[in-house]
Amino acid sequence: IAGITQAPTSQILAAGRRMTLRCTQDMRHNAMYWYRQDLGLGLRLIHYSNTAGTTGKGEVPDGYSVSRANTDDFPLTLASAVPSQTSVYFCASSDELAGMQFFGPGTRLTVL
Amino acid sequence: AQSVAQPEDQVNVAEGNPLTVKCTYSVSGNPYLFWYVQYPNRGLQFLLKYITGDNLVKGSYGFEAEFNKSQTSFHLKKPSALVSDSALYFCAVRPPGGGYNKLIFGAGTRLAVHP
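Residues numbered from 1 in each chain as written. Chains lettered and ligands numbered in written order. Predicted model: local features only at pLDDT ≥ 70, side-chain atom pairs only at ≥ 80, totals over all residues. Heavy atoms only, no water.

1. So, the overall build of chain A
Part 1: A count of helical and extended segments in chain A gives 0 helices and 11 strands.
Part 2: The order of helices and strands in chain A, counted from the N terminus, is β-β-β-β-β-β-β-β-β-β-β.
Part 3: Relative to a compact globule of 112 residues, whose C-alpha radius of gyration would be 13 Å, chain A shows 13 Å and is just as compact.
Part 4: Taken over the C-alpha atoms alone, chain A extends approximately 40 × 25 × 25 Å along its principal axes.
Part 5: Put simply, 53% of the contacts in chain A that link residues at least 6 apart link residues at least 24 apart.
Part 6: Looking at chain A as shown, the accessible area adds up to about 5,100 Å², and 53% of this sits on carbon and sulfur atoms.
Part 7: For chain A, the distance from the average site of its 9 positive side-chain charges to the average site of its 8 negative ones is 10 Å. (Helix = DSSP H or I, 4+ residues; strand = E, 2+ residues; numbered from the N terminus. Rg over C-alpha atoms; globule rule 2.2 N^0.38 Å. Contact = heavy atoms within 4.5 Å. Areas by Shrake-Rupley, 256 points an atom, 1.4 Å probe, with all protein chains shown as cover. Lys, Arg positive; Asp, Glu negative; His and termini not counted. Charge placed at Lys NZ, Arg CZ, Asp CG, Glu CD.)

Written out as structure tokens, the structure is:
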């Protein structure tokens, strides 16, 4: 059982390009999340999904979009990347009963 | 505004000594409280949580945390630090009625344990 996988592990991207970060979980969790981690700021929520077919905006949603076509996958898309989106991106999922979130290994994105 | 504060950017402790990593929160009601650890180039790993009950919560790797409602604190502790405990530690809060497991994270505290 892999838990949560993210791809790619790292990426260097030219500004203005479109990029999709992939996230897949095999725990059948209803809820999934995307965070970005920046030095001194901790983790900030970008978007979330309570269940397949629904999504919601987090603390820093601008410039990002998500979709949740099924339970397992929750891709994050940067339509036109900007240097301020250089960050480490973490996908997470949670079980309502357990109360805690499980995190993927992260994607390190550099936008030049 | 709801927030989580980790007042120390870094905590240094000698191996074998007790350690404390501080966390305070500003959330109304009775939140769920969590500690996560992040090793270099890895995702966050769950350490422990407080939902209700005994104020002293025991978690993984010998860590424990003490919930203090009057001080709105949830400090992480370990009686005897190991060099392998060196990592980045995050405190997180799930506000009551705050949505489906949405967490508010502190900025993180880097723990350095010296031999």
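There is more to say, and it comes next.
2. Considering the interface of chain B and chain A
By a widely used convention, the size of an interface equals the accessible area lost when the partners come together.
Part 1: Listed as interface residues are 19 residues of chain B and, on the opposing side, 24 residues of chain A.
Part 2: Each partner contributes to the roughly 1,800 Å² buried at the junction of chain B and chain A, and carbon and sulfur atoms together form 53% of this total.
Part 3: Here chain B and chain A share 0 salt bridges between them.
Part 4: In this assembly, chain B and chain A are joined by 2 residue pairs in polar contact (both at pLDDT 80 or more).
Part 5: Looking at the side of chain B that touches chain A, the elements with two or more residues in it are β5 (32–38), β6 (44–50) and β10 (87–94) of chain B.
Part 6: A class-by-class count of the residues in the side of chain B that touches chain A yields 10 nonpolar, 5 polar and 4 charged. (Buried area = accessible area lost by both parts, 1.4 Å probe. Salt bridge = Lys/Arg side-chain N within 4 Å of Asp/Glu carboxyl O. Polar contact = N/O pair within 3.5 Å; in protein donor to acceptor, adjacent residues only side chain to side chain. Nonpolar A, V, L, I, M, F, W, Y, C, P; charged D, E, K, R; others polar.)

3. Thoughts on the pairing of strand β11 (residues 107–111) of chain A
All names here are of chain A.
Part 1: Here β11 shows a clear split, with Thr107, Leu109 and Val111 buried on one side and none of Arg108 and Thr110 buried on the other.
Part 2: Strand direction decides the pairing type here: strand β2 (residues 10–13) and β11, joined by 4 bridges, are parallel. Bridge pairing in β11 places Ile12 opposite Thr110.
Part 3: For strand β9 (residues 87–94) and β11, the ladder comprises 3 bridges, and the chain directions are antiparallel. By the bridge assignment for β11, Tyr89 is matched with Thr107. (Buried < 20%, exposed > 50% of the residue type's maximum accessible area, 1.4 Å probe, protein only. Pairing = 2+ DSSP bridges.)

4. A closer look at the side chain of Asp85(B)
All names here are of chain B.
Part 1: In this structure, Asp85 sits in the loop between β9 (73–78) and β10.
Part 2: Asp85 gets classed as buried once you look at its relative accessible area, which sits at 3%.
Part 3: Filtering out sequence-adjacent residues up to four positions away, Asp85 remains in contact with Leu19, Phe63, Lys78, Ser80, Leu111 and Val113.

5. Observations regarding the pattern of salt bridges
Part 1: One pass over the structure, following the stated rule, counts 6 salt bridges over all chains.
Part 2: Across the salt bridge formed by Asp38(A) and Arg44(A), the nearest N and O atoms sit 2.9 Å from each other.
Part 3: The exposure class assigned to Asp38(A) is buried, which follows from its relative accessible area of 14%.
Part 4: Of the charged contacts in the structure, one is a salt bridge between Lys77(B) and Glu66(B), with a shortest N-O distance of 3.2 Å. Taken as a pair, Lys77(B) in strand β9 and Glu66(B) in strand β8 (residues 64–68) lie far apart in primary sequence, 11 residues in all.

6. What about the state of the cysteines?
The term disulfide refers to a covalent linkage connecting the sulfur atoms of a pair of cysteines.
All names here are of chain A.
Part 1: Counting across every chain of the model gives 2 disulfides over all chains.
Part 2: A sulfur-sulfur distance of 1.9 Å marks the disulfide that ties Cys23 to Cys91. Where Cys23 bonds to Cys91 through sulfur, the torsion about that S-S bond is close to -70°, and the disulfide is left-handed. Within this pair, whereas Cys23 is found in strand β3 (residues 19–25), its partner Cys91 is found in strand β9, the two being separated by 68 residues in sequence. (Disulfide = S-S within 2.5 Å.)

7. Concerning the nonpolar core
For soluble globular proteins, the rule of thumb is that nonpolar side chains tend to be buried together.
Part 1: One finds Trp35(B), Leu47(B), Leu48(B), Phe74(B), Leu76(B) and Tyr89(B) to be the most contacted residues of the largest nonpolar core, which totals 28 residues.
Part 2: Elements that contribute at least two residues to this core include exactly β2 (10–14), β3 (19–21), β5, β6, β8, β9, β10 and β12 (109–114) of chain B.
Part 3: The biggest single contributor to this core is β10(B), with 4 residues.
Part 4: Counting 19 residues, the second-largest nonpolar core is a separate cluster that includes Tyr33(A), Leu45(A), Phe103(A) and Leu44(B). (Core = buried A, V, L, I, M, F, W, Y, C linked by side-chain atoms within 4.5 Å.)

8. Let's talk about the sheet that holds strand β7 (residues 64–66) of chain A
All names here are of chain A.
Part 1: The 4 strands are arranged β1-β3-β8-β7 in an open sheet whose pairing can be described as antiparallel. Lying at the two open borders of the sheet, with one neighbouring strand each, are β1 (4–7) and β7. When the angles between neighbouring strand axes are averaged without regard to direction, this sheet yields 20°.
Part 2: For β3 and strand β8 (residues 76–78), the ladder comprises 3 bridges, and the chain directions are antiparallel. Following the sheet pairing, Thr20 is matched in β8 by Thr77. (Axes fitted to C-alpha atoms, helices over the stretch in contact; angles between N-to-C directions.)

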